[in-house]
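Overview (structure and organization)
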Amino acid sequence: MPEDTINGIPRADPRARRAAWKRALLSLVATKPGAAVHRAIAAPLDAAIMRATRGRVNLGAGALPMVVLTSTGARSGQRRETPLAYFTDEDAVILTASNYGGQRHPSWLHNLLAHPECELHIGDRGGRFIAQEVTGAERDRLFALAADLYPGYANYAERIDGIRTIRMMRLTPGA
């Protein structure tokens, strides 16, 4: 396995400098209306688009690194595909359970807590992973990195302050 990937998923530095147009796009999506449009239009289509283009295209136009999470439904037991922004930390892929700053945790988080075995894919690349929630100071460190990756996460955290805490998941390669 190449050193620039984790189980086939490319490493993504949350502090890497982005082009001005990518920063502008992220600032737009970080607004409440921008997040609502992304949630309603882009997010439902991204998994299919990424599959059809073998991971070369997503509706975020490459502004954020994106991966498709395949998890097992917590109650249904059915396979669920969810496109998510990610970054890497050491030899793990990190996911942020922001749910666009909604009052409830995203369903994919409940799925991973119930069934930590999952898959991550970008087109044909990827593999099996095991998910684990990160808490305490390590969660805070990873959330700060997530906010470096996408400033909208800080907006979401403010929006739900006192309601819930945005949870962080560490995914490590599985068997």
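Residues numbered from 1 in each chain as written. Predicted model: local features only at pLDDT ≥ 70, side-chain atom pairs only at ≥ 80, totals over all residues. Heavy atoms only, no water.

Naming follows an unreviewed UniProt entry, where the protein chain appears as Nitroreductase of Mycobacterium noviomagense.

Tallying secondary structure elements over the protein chain gives five helices and nine strands in all. Overall, the protein chain shows an N-to-C arrangement of helices and strands of β-β-α-α-β-β-β-β-α-β-β-α-α-β. In terms of C-alpha radius of gyration, the protein chain reaches 15 Å, essentially the compact-globule figure of 16 Å for 175 residues. In terms of overall dimensions, the protein chain has a C-alpha envelope of 40 × 35 × 30 Å along the principal axes. (Helix = DSSP H or I, 4+ residues; strand = E, 2+ residues; numbered from the N terminus. Rg over C-alpha atoms; globule rule 2.2 N^0.38 Å.)

With that settled, consider the pattern of salt bridges. Summed over all chains, the structure comprises nine salt bridges. Here Arg15 makes a salt bridge to Asp148, at a shortest N to O gap of 2.8 Å. Separated by 133 residues along the polypeptide, Arg15 in the loop between strand S2 (9-10) and helix H1 (20-29) and Asp148 in helix H4 (residues 136-149) bring together distant segments of the chain. Among the residues examined, Asp148 registers a relative accessible area of 37% and is labelled partly exposed. (Salt bridge = Lys/Arg side-chain N within 4 Å of Asp/Glu carboxyl O. Buried < 20%, exposed > 50% of the residue type's maximum accessible area, 1.4 Å probe, protein only.)

Moving on: the side chain of Asn7. Its location among the elements puts Asn7 in the loop between strand S1 (5-6) and S2. For Asn7, the side chain forms a polar contact with the main-chain oxygen of Arg128, separated by 2.6 Å. (Polar contact = N/O pair within 3.5 Å; in protein donor to acceptor, adjacent residues only side chain to side chain.)

Our next topic: the packing of H4 against helix H5 (residues 152-159). Remark: H4 packs on H5, axes separated minimally by 6 Å, with the N-to-C direction vectors making an angle of 120°. Compared by their axis directions, H4 and H5 come out oblique. Of the residues in H5, those in contact with Phe143, Ala146 and Ala147 of H4 are Tyr153, Ala154 and Ala157. (Axes fitted to C-alpha atoms, helices over the stretch in contact; angles between N-to-C directions. Parallel < 35°, antiparallel > 145°, perpendicular 65-115°, else oblique. Contact = heavy atoms within 4.5 Å.)

Here we take up the sheet that holds strand S9 (residues 167-173). Strands sit in the order S4-S3-S7-S8-S9-S6-S5 across an open sheet of seven strands; the sheet is antiparallel. The open sheet is flanked by strand S4 (79-85) and strand S5 (87-89), the only strands paired with a single partner. On average, each strand axis in the sheet is tilted by 40° relative to the strand beside it, whichever way the strands run. Looking at chain direction, strand S8 (residues 125-134) and S9 are connected through six bridges and run antiparallel. Directly across from Val134, in S9, lies its bridge partner Met168. (Pairing = 2+ DSSP bridges.)

Turning to helix H3 (residues 107-114), its buried residues number three or more, namely Trp108, Leu109, Asn111 and Leu112. Summarising the axial view, the buried residues of H3 lie within an arc of 160°, below the 170-degree limit, and thus occupy one face. On its buried side, H3 packs onto strand S3 (66-72), S4, strand S6 (92-97), strand S7 (117-122), S8 and S9. (Arc of directions from axis to C-beta.)

Leu69, Val93, Leu95, Trp108 and Leu171 are the most contacted members of the largest nonpolar core, which has 46 residues in total. With near-sequence residues (within four places) excluded, Val93 lies in contact with Ile6, Ile9, Tyr86, Phe87, Thr88, Leu120, Phe129, Met169, Arg170 and Leu171. (Core = buried A, V, L, I, M, F, W, Y, C linked by side-chain atoms within 4.5 Å.)

A word on the pairing of S9. Where S6 meets S9, five bridges bridge the pair, whose relative direction is antiparallel. Paired with Thr96 across the bridge in S9 is Met168.

Let's shift gears to unusual backbone geometry. The phi angle at Glu90 is positive, at roughly 55°, despite the residue not being glycine. Positioned with a positive phi, Tyr100 is a non-glycine residue whose angle comes to about 55°. Following the sequence through the fold, Tyr100 ends up in the loop between S6 and H3.

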